[in-house]
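What follows is the residue order along each chain.
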Amino acid sequence: PNELHGASQIPVGLVSGKKTSFLNSTVSKVDQLILQKFIEEGYYERHLNKTRALYKSRHDTLLGCLKSLQDRCEISGENAGVHLLLHFHNHMTEEELTARAAQKGVRVYGLTEYYIEPQAGKQATILLGYANMNEEKIQEAVRILDEAWK
């Protein structure tokens, strides 16, 4: 025997005696109808097109500005998402790179922050995100990072 919770069918043995009301949190019919209308009338497609253009502009601005750092690092991940990676070959550690950026007021993240287990001997890699920055802020941030990482 199974119990039906929202869209999930769960064996009774797994849920007997346990609180399962959180499994019943379905989206209201009103919200579903609003989303349906949003999609059917083309608003979602327009939103996606506007967002793509916005992020492409920010992406291209960031890549153009990062050319000044090419003597110190290589760029990867530039064709996926709204982040990219800078792989440094100037013998600075991630801690040095993030600290120098922070001293100048720019927050960047070392890739090792996202590792499950420490990776000894890995080259310093910085994760840069650009989704929440306009083109002017991107230009200023890269100028500051260029100065900080000399």
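Above this text is the structure in question.
From a predicted model like this one, the values you see are computed outputs, not experimental measurements. (Residues numbered from 1 in each chain as written. Predicted model: local features only at pLDDT ≥ 70, side-chain atom pairs only at ≥ 80, totals over all residues. Heavy atoms only, no water.)

S.K.: So what exactly am I meant to see when it comes to the environment of C73 here?
M.R.: Here C73 lies in strand β3 (residues 73-76). Judged by its relative accessible area of 5%, C73 falls in the buried class. For the pair C73 and A124, spaced 51 residues apart in the sequence, the C-alpha separation amounts to 9.4 Å. Discounting residues that sit within four places of it in the chain, C73 has contacts with L86, H87, F88 and H89. (Helix = DSSP H or I, 4+ residues; strand = E, 2+ residues; numbered from the N terminus. Buried < 20%, exposed > 50% of the residue type's maximum accessible area, 1.4 Å probe, protein only. Contact = heavy atoms within 4.5 Å.)

S.K.: What am I meant to see in the side chain of R58 here?
M.R.: Among the structural elements, R58 can be located in helix α3 (residues 43-65). Buried R58, no salt bridge; nearest opposite-charge side chain is E135, N-O distance 4.8 Å. The residues touching R58, leaving out its near neighbours within four places in the chain, are Y130, A131, N132, M133, N134, E135 and I138. (Lys, Arg positive; Asp, Glu negative; His and termini not counted. Salt bridge = Lys/Arg side-chain N within 4 Å of Asp/Glu carboxyl O.)

S.K.: Honestly, the layout of surface pockets in this entry has me stumped. Any pointers?
M.R.: Empty pockets left among the atoms are what a rolling probe the size of a water molecule brings to light. Taken as a whole, the largest pocket encloses approximately 310 Å³ of empty space. Lining the largest pocket are 18 residues, with R107, L128, G129, Y130 and M133 sitting closest to its centre. Elements that contribute at least two residues to the lining of the largest pocket include exactly β6 (125-129) and α5 (135-148). A total of four residues in the lining of the largest pocket trace back to one element, the largest contributor, which is α5. Class assignment of the residues belonging to the lining of the largest pocket gives a composition of 14 nonpolar, three polar and one charged. (1 Å grid on protein atoms, 1.4 Å probe; cavity = no way out; pocket = protein on both sides within 12 Å on 5 of 7 lines; lining within 4 Å. Points joined across faces, edges and corners; volume = space filled by probe spheres on them. Nonpolar A, V, L, I, M, F, W, Y, C, P; charged D, E, K, R; others polar.)

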